[in-house]
Amino acid sequence: MTAIEPRRWLPAYVALGSNLDDPRLQVERAMQELAALPQTCCLLRSALYRSRPLGPVQQPDFINAVAGLLTELDPAALLAQLQQL
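The notes below deal with the structure included here.

Conventions adopted
- Residues numbered from 1 in each chain as written.
- Predicted model: local features only at pLDDT ≥ 70, side-chain atom pairs only at ≥ 80, totals over all residues.
- Heavy atoms only, no water.
- Helix = DSSP H or I, 4+ residues; strand = E, 2+ residues; numbered from the N terminus.
- Core = buried A, V, L, I, M, F, W, Y, C linked by side-chain atoms within 4.5 Å.
- Buried < 20%, exposed > 50% of the residue type's maximum accessible area, 1.4 Å probe, protein only.
- Contact = heavy atoms within 4.5 Å.
- Polar contact = N/O pair within 3.5 Å; in protein donor to acceptor, adjacent residues only side chain to side chain.

### Concerning unusual backbone geometry
Here is step 1 of the chain: The backbone phi angle of Asp 21 is positive, close to 50°, even though this residue is not glycine.
Here is step 2 of the chain: When you line up the elements, Asp 21 lands in the loop between β1 (10-18) and α1 (23-35).

Right under this line is the structure:
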């Protein structure tokens, strides 16, 4: 008889950032989509931070944030879900 493994929730931290098409809205929308990922719970989120881009190309400032998740997804499955966002 095979034992049933208990659910294993693992922490994951996701950095978010945008500097195009209403960056604040883009980051807020991404936070909502993170909270809706399967087998994942968004427990924490940072404030939104503005940062200047680096490099010689002129571009708008970034809005950045970090989300703290608990997930049952393995790293490859979580990455696949994040890439779909």
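### Side note on the nonpolar core
Here is step 1 of the chain: By size, the foremost hydrophobic cluster in this structure holds 14 residues, and its most contacted members are Leu 16, Leu 34 and Leu 69.
Here is step 2 of the chain: Among all residues touching Leu 16, those that are not within four sequence positions of it are Val 27, Ala 30, Met 31, Leu 34, Ile 63, Asn 64 and Ala 65.

### A short note on the side chain of Ser 18
Here is step 1 of the chain: Tracing the sequence through the fold places Ser 18 in strand β1.
Here is step 2 of the chain: Reaching out from Ser 18, the side chain makes a polar contact with the backbone oxygen of Leu 20 at a distance of 3.3 Å.
Here is step 3 of the chain: Excluding residues within four positions of it along the chain, Ser 18 makes contact with Pro 23, Gln 26, Val 27, Asp 61, Phe 62 and Ile 63.

Keep in mind these numbers describe shape, not what the thing actually does.
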